Amino acid sequence: MTSSEVWDVETAAKYDEDAAEHFSPDVLDPTVDVLERLAEDGPALEFAIGTGRVGIPLAARGVPVTGIELSEPMVAQLRRKIGDDELPVVVGDMATTVVPGSGTFSLVFLVWNSISNLRTQAEQVQCFRNAADHLRPGGRFVIDLWVPPIQRLLPGEQAVPMSVDEGHLVFDTYDLVTQECASHHYYRDDDGSIRYGSGHFRYIWPAECDLMAQLAGLELESRSADWKGSPFLATSGSHVSVWRKV
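Residues numbered from 1 in each chain as written. Predicted model: local features only at pLDDT ≥ 70, side-chain atom pairs only at ≥ 80, totals over all residues. Heavy atoms only, no water.

Asker: What is the right way to read the sheet that holds strand β5 (residues 135-146) from this model?
Answerer: Within a sheet, neighbouring strands are paired by backbone hydrogen bonds and run either parallel or antiparallel to one another. One open sheet holds the seven strands; their spatial order is β3-β2-β1-β4-β5-β11-β10, and the pairing between them is mixed. Of all the strands in the sheet, just β3 (89-91) and β10 (218-224) have a single pairing partner and so form its edges. This sheet shows a mean twist of 20° between the axes of neighbouring strands, independent of strand direction. With six bridges connecting them, β10 and strand β11 (residues 238-245) associate as antiparallel partners. Bridging from a neighbouring strand, L220 pairs with W243 of β11. Helix α2 (residues 25-39) contacts β4 (105-110), β5 and β11 of the sheet and is inclined by roughly 155° relative to β4. (Pairing = 2+ DSSP bridges. Helix = DSSP H or I, 4+ residues; strand = E, 2+ residues; numbered from the N terminus. Axes fitted to C-alpha atoms, helices over the stretch in contact; angles between N-to-C directions. Contact = heavy atoms within 4.5 Å.)

Asker: In this structure, what is going on with the packing of helix α5 (residues 121-134) against helix α6 (residues 206-215)? I would like to understand it.
Answerer: Axis angle and axis distance: for two packed helices, these are the angle between their axes and the distance between the axes, and together they describe the pair. Look at α5 against α6: their axes get within 8 Å of each other, and the N-to-C directions meet at 55°. Classed by the angle they form, the pair α5 and α6 counts as oblique. For the element pair α5 and α6, the recorded crossing hand is right-handed. Contacts between α5 and α6 involve Q121, Q124, V125, F128 and R129 from the former and E208, C209, M212, A213 and L215 from the latter. For the contact of α5 with α6, the residue count by class is six nonpolar, two polar and two charged. (Parallel < 35°, antiparallel > 145°, perpendicular 65-115°, else oblique. Left-handed = near helix turned anticlockwise from the far one by under 90°. Nonpolar A, V, L, I, M, F, W, Y, C, P; charged D, E, K, R; others polar.)

Asker: Hey, could you run me through the environment of F171 in this one?
Answerer: Within the secondary structure, F171 sits in strand β7 (residues 168-175). Residue F171 is classed as partly exposed on the basis of its relative accessible area of 31%. The spatial distance from the C-alpha of F171 to the C-alpha of H185 is 6.8 Å, given a sequence separation of 14 residues. With sequence-adjacent residues up to four places away left out, F171 is seen in contact with V160, P161, M162, A182, S183, H184 and Y186. (Buried < 20%, exposed > 50% of the residue type's maximum accessible area, 1.4 Å probe, protein only.)

Asker: It is not clear to me how the nonpolar core should be interpreted in this structure. Could you clarify?
Answerer: A general feature of soluble globular proteins is that nonpolar side chains tend to end up buried together. In this structure, F47, F128, F141 and L218 are the most contacted members of the largest nonpolar core, which totals 34 residues. Those elements that place two or more of their residues in this core are β1 (44-47), β4, α5, β5 and α6. In this view, F141 contacts V108, L110, F128, A131, L135, L218, S241, V242 and W243; residues no more than four positions away in its chain are not counted. Grouped together as the second largest cluster of nonpolar side chains are 26 residues, A44, V63, F109 and V240 included. (Core = buried A, V, L, I, M, F, W, Y, C linked by side-chain atoms within 4.5 Å.)

Asker: Is there a simple way to explain the pattern of salt bridges in this structure?
Answerer: Proximity of charged atoms lets side chains of opposite charge pair with each other. By the definition in use, this model includes twelve salt bridges. The salt bridge involving R79 is made with D84; its shortest N-O contact spans 3.1 Å. A salt bridge links R202 to E208; the nearest nitrogen and oxygen atoms lie 3.2 Å apart. Residue R202 shares its accessibility class with E208, and that shared class is buried. (Salt bridge = Lys/Arg side-chain N within 4 Å of Asp/Glu carboxyl O.)

Asker: What's the story with the side chain of H168 in this structure? I'm lost.
Answerer: Within the secondary structure layout, H168 lies in strand β7. For H168, a relative accessible area of 16% corresponds to the buried category. Among the polar contacts made by the side chain of H168, one reaches the side chain of H185 at a distance of 2.8 Å. (Polar contact = N/O pair within 3.5 Å; in protein donor to acceptor, adjacent residues only side chain to side chain.)

Asker: What exactly am I supposed to notice about unusual backbone geometry here?
Answerer: Excluding glycine, residues mostly have negative phi values, and the peptide bonds linking residues are mostly trans. Backbone geometry places E40, a non-glycine residue, at a positive phi of 55°. Here E40 lies in the loop between α2 and β1.

Asker: What's the story with the sheet that holds β7 in this structure? I'm lost.
Answerer: On the basis of which strands lie adjacent, the open sheet formed by four strands has the order β6-β7-β8-β9 and antiparallel pairing. Strands at the two margins of the open sheet, each flanked by one partner only, are β6 (159-164) and β9 (194-202). Strand-to-strand twist across the sheet, computed as the mean angle between neighbouring axes with direction ignored, equals 20°. Of the pairings in the sheet, the one linking β7 to strand β8 (residues 180-188) comprises eight bridges and is antiparallel in character. From the neighbouring strand, T173 faces β8, where its bridge partner is A182.

Here is the structure:
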């Protein structure tokens with residue numbers, strides 16, 4: 001078991017609702033477009049597949065998709081949408097779990113900041129190695145990851161507001177020594193009550209990702225600021241990076 005937190009039944013049941021904006025075509029279609037192109041003629045493996053937000057529409061386009069997911073309640077939600085014969089999922093962590101067909105995948109992908117769920121650098125390095133082990137020669141590993149906005153922190157401060165709207169407030173707190181952070185979520189439900197949830201992560205800089213990739217035998221092929229291919233700049237808040245197995 002890695003240090004990742006495991007989504008429980010209650011969190012899994014509300015996941016799609018809480019993440020509704022990430023299921024919108026404006027967000028999802030460009031993601032699936034890129035992954036379909038990168039998969040070329042081979043199968044794809046999604047680390048931390050969750051409830052199938054990306055894996056299911058990618059499979060619907062004819063790409064054979066397999067998933068790894070640590071949370072059994074999240075897999076249960078996925079199974080409400082698609083059967084195991086159409087999209088097999090192995091319950092396990094993304095740093096060490098090996099699925100059938102390892103070494104033959106043309107694409108391994110890990111989206112929406114999920115590699116940060118691994119809370120130590122050693123586990124994140126092992127995740128890159130696990131991705132490389134599953135890839136065939138020339139295959140690609142893709143991650144979609146935020147760039148930590150710690151430049152917003154004033155001296156002595158630890159918290160940064162990430163999202164402030166009527167129904168959802170998010171504040172992140174940072175440990176600049178360990179690169180650990182916590183996201184504090186406050187949701188206003190339909191009955192007016194406030195629901196609190198938190199998640200703990202370890203942030204990774206893009207250059208640090210490149211070093212992890214190098215240790216795994218992967219080389220950087222491309223980096224953009226988003227799934228639409230916007231240039232990655234010093235001011236970019238996220239990156240979509242593609243490494244190729246050499």
